[in-house]
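Okay, here's what each chain looks like letter by letter:
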Amino acid sequence: MINDTLMFNEIGLLPEMFLIISVVYFLMYGTFLSTSKNYPLIHITSLNLSILVLFLLGFLIINDKLIVTKNITFNYTIAQDYLSFFAKFLAVSASVFCMIFIYQYIKSQKINQFEYFLLFLLGILGVLLLCSSNDLITAYLAIELQSLSFYVLAGFKKNSTFSVDAGLKYFILGAFSSSLFLFGSSIIYGVTGTLTFTDIRELFFWIFPASNSVEYFLNHYTIHMNDILLMDSLLEKMVLVELTNSLLNALPSNNVLVEKFNNYPNESIIEFFFDDNFPQSQEDDSFVFQIIQNLESISQSLRCFYSKTLNQNTIFYHKTFNVNFLQFAIIFIFISLFFKLALAPFHLWSPDVYEGSLSSSTFFFVVVPKIGIFILLIRLCYYCFYGFIDNWRYFLVIISIISIIVGSFVGLEQRKLKSLLAYSSISHMGYSVIAFSCGTFEGLQMLFSYLIIYICSGLCIWSLFLVTRIKTTYFKKQNKDLTDFVLLKRSNKMLAIFFATVLLSIAGFPPMIGFLVKIGIFLAALESSMYFVGFISILISVISTFYYIRIIKIAFFEKVLVGRLYYPITFQKIILLVGLFYFLIYLFINPAILYLFSYKICLTFL
């Protein structure tokens, strides 16, 4: 019994298992309550139960003692490290914030189905599993779990044509992107024979296949040339020093081959096989044959071709491994994940879905799931295929510049706040991809810092969007135009100040914290010799500040006689808004805590 308890404590997936069990009990509770004859209003209790489950989930994540070490469980499919801990804690914290602020909106929209909150919990479960995935199949299933929940959340209001249209568009394009991910994963499995990130890292992290040529002198070119070249390729690629030692130990101690091997240091073990007059006896020939026989399955996948150079004193050969098909698969996976991040030109669904969905669903789409997609991208590019950096970074740079241009220039034409924030999200994802494509420690650190600020600013803006309920005779009008914020200063001065400050922060206007992290991204790009990218992104960043300033101008300086009236805001929501606002102000005054936290994430992952 004690051993079983200890094994259960070491499982590493306790938060996810708790959430799964809570979802099952939540489903039973909602089913029994909603089928009673009284037809009760269950949205209040369902929302409170969801918040309680997320609070307990966050408590389990914080108290997980595996955050200081890296633990891979479930047959190398789940990775528990500080990177997954950071992502899961950030996702759960943002989800709790979303749940608290959507209460009044759910009530005004008369959503009395407990399934709405159940879908929120299932989407959060998919995000958590995606953050911990160490396998392409696990990542695909996690993406599908969260995506299916989002499809239903987007089209949850069945009596609204806009909501149904948003859900249908989200479903079609999301299913298409998932098929691309699955197709790319199948190609990777066909080329490498594995889908686990750990195995892919061992194959492709340090050495880019078919990229290194080796030159040897002619006096090493013996009649056993084929065996020597093959053994060199295998020993260099697989680092088989231990196997060589074990085979040599099987030979007599007075063997000439053993004495010769002992005179070579470990770092020169490959030169041992290129010494003159090697091999010297039939027994030594059997040693060579034994190595090749033990590595027969590996040697079948490697080919060596060699030719004499113009200088007849040297021999030259090149080790080959065709990786063109593998790069083709990586591009497919990138395109699939770019659909999920709404990067241009794969963003066409984003404005329509954000505008047509319920604002509470849009709040969740914009803030929470993108952290999980970036964690998967980090594991793929920085953990598995870092040797291919010269290939994937240029593709990412092109996508990031297109996203910044589209998000900035198309956002200038928007007149509705949700559409404007959708294009703002596209441009911010472009800046995040610039930091990601640097391929350096500083770039990854700035990416984490930018994601934290983006999530905190998004929580603040969308919370203000939901709490400013307009008093109007058109009750069914829930989306807000920019003109709905006319004279917000006179209605609620502090709320207007909060709104303007956060908008200036995400615009990168000094001296806000958004300015500091955006400058960090530009510096990381310049340190990676991406001068043109830095120059273009700085110029477009200046242009994109226009539509943020336009909102501030409407809220503070519009010359109208009559402004909008808003319903009062509850005390609890004001406390949360003020706390989040002062947190952003504190990060500007003392950004060291942000940089140290992101530095620790990079240090424990790389």
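Counting restarts for each chain: residues are numbered from 1 in the order of the written sequence. At least 70 in pLDDT is required for a residue's local features to be given in this predicted model, at least 80 for side-chain atom pairs to be given and counted, and no such filter applies to totals for whole chains, interfaces and linings, which use all residues. Excluded from the side-chain calculations are hydrogens and water; all other atoms, namely the structure's heavy atoms, are used.

Points about the side chain of Thr468
So the rule is basically this: Each helix is a run of H or I in the DSSP string that is no shorter than four residues. Each strand is a run of E no shorter than two, and both are numbered from the N terminus. N or O atoms closer than or at 3.5 Å make up a polar contact, with two conditions inside protein: a donor-capable atom paired with an acceptor-capable one, and, for residues adjacent in sequence, both atoms drawn from side chains. Whether two residues are in contact is decided by their heavy atoms: any pair within 4.5 Å suffices.
Along the chain, Thr468 falls in the loop between α22 (441–467) and α23 (488–491). From its side chain, Thr468 meets the backbone oxygen of Leu464 in a polar contact 2.8 Å long. Engagement of the side chain of Thr468 in a polar contact is seen with the backbone oxygen of Phe465, the distance being 3.3 Å. Here Thr468 is in contact with Lys480, Phe485, Leu495 and Tyr566, once residues within four sequence places are set aside.

Concerning helix α21 (residues 417–437)
Definition in use: To estimate how far a helix should extend, the number of its residues minus one is multiplied by 1.5 Å. A 1.4 Å probe rolled over the protein chains alone gives each residue an accessible area, and that area as a share of the maximum for its type sets the label: buried under 20%, exposed over 50%, partly exposed in between.
In this model α21 runs 30 Å from its N-terminal to its C-terminal C-alpha over 21 residues, within 8% of the 30 Å that 1.5 Å per residue would give. Here α21 lies mainly inside the structure; 21 of its 21 residues are buried. Following α21 by one or two positions, Gly439 has its phi on the positive side, about 75 degrees.

Observations concerning the side chain of Ser336
Topologically, Ser336 is positioned in helix α16 (residues 324–341). With relative accessibility at 2%, the residue Ser336 sits in the buried group. A distance of 2.6 Å separates a polar side-chain atom of Ser336 from the backbone oxygen of Ser177. Contacts of Ser336, omitting those with residues within four sequence positions, involve Ser177, Ser178, Leu180 and Phe181.

A word on the pattern of salt bridges
Note the cut-off: For this document, the term salt bridge refers to a Lys or Arg side-chain nitrogen within 4 Å of an Asp or Glu carboxyl oxygen.
Enumeration according to the criterion identifies four salt bridges in this entry. For Lys88, the salt bridge goes to Glu16, with nearest N and O atoms at 3.0 Å. Taken together, the positions of Lys88 in helix α4 (residues 82–101) and Glu16 in helix α2 (residues 14–34) put the pair 72 residues apart, joining distant regions of the chain. We classify Lys88 as buried; its relative accessible area is 3%. The exposure class assigned to Glu16 is buried, which follows from its relative accessible area of 1%. The partner of Lys169 in a salt bridge is Asp165, and the shortest N-O contact between them spans 3.5 Å. One end of the pair, Lys169, and the other, Asp165, are both in helix α8 (residues 161–192), four residues apart, so they sit about a helical turn from each other. With relative accessibility at 36%, the residue Asp165 sits in the partly exposed group. Salt bridges linked by common partners bring Asp165, Lys169 and Asp352 together as one network.

Points about the nonpolar core
The cut-off we apply is this: Here, nonpolar core refers to any group of buried Ala, Val, Leu, Ile, Met, Phe, Trp, Tyr and Cys residues whose side-chain atoms link them within 4.5 Å.
In this structure, Ile378 and Phe385 are the most contacted members of the largest nonpolar core, which totals 177 residues. At 19 residues, the largest contribution of residues to this core is made by α22. In this structure Phe385 touches Ile188, Ile200, Phe204, Leu326, Ile330, Leu380 and Trp392, once residues within four positions along its chain are discounted.

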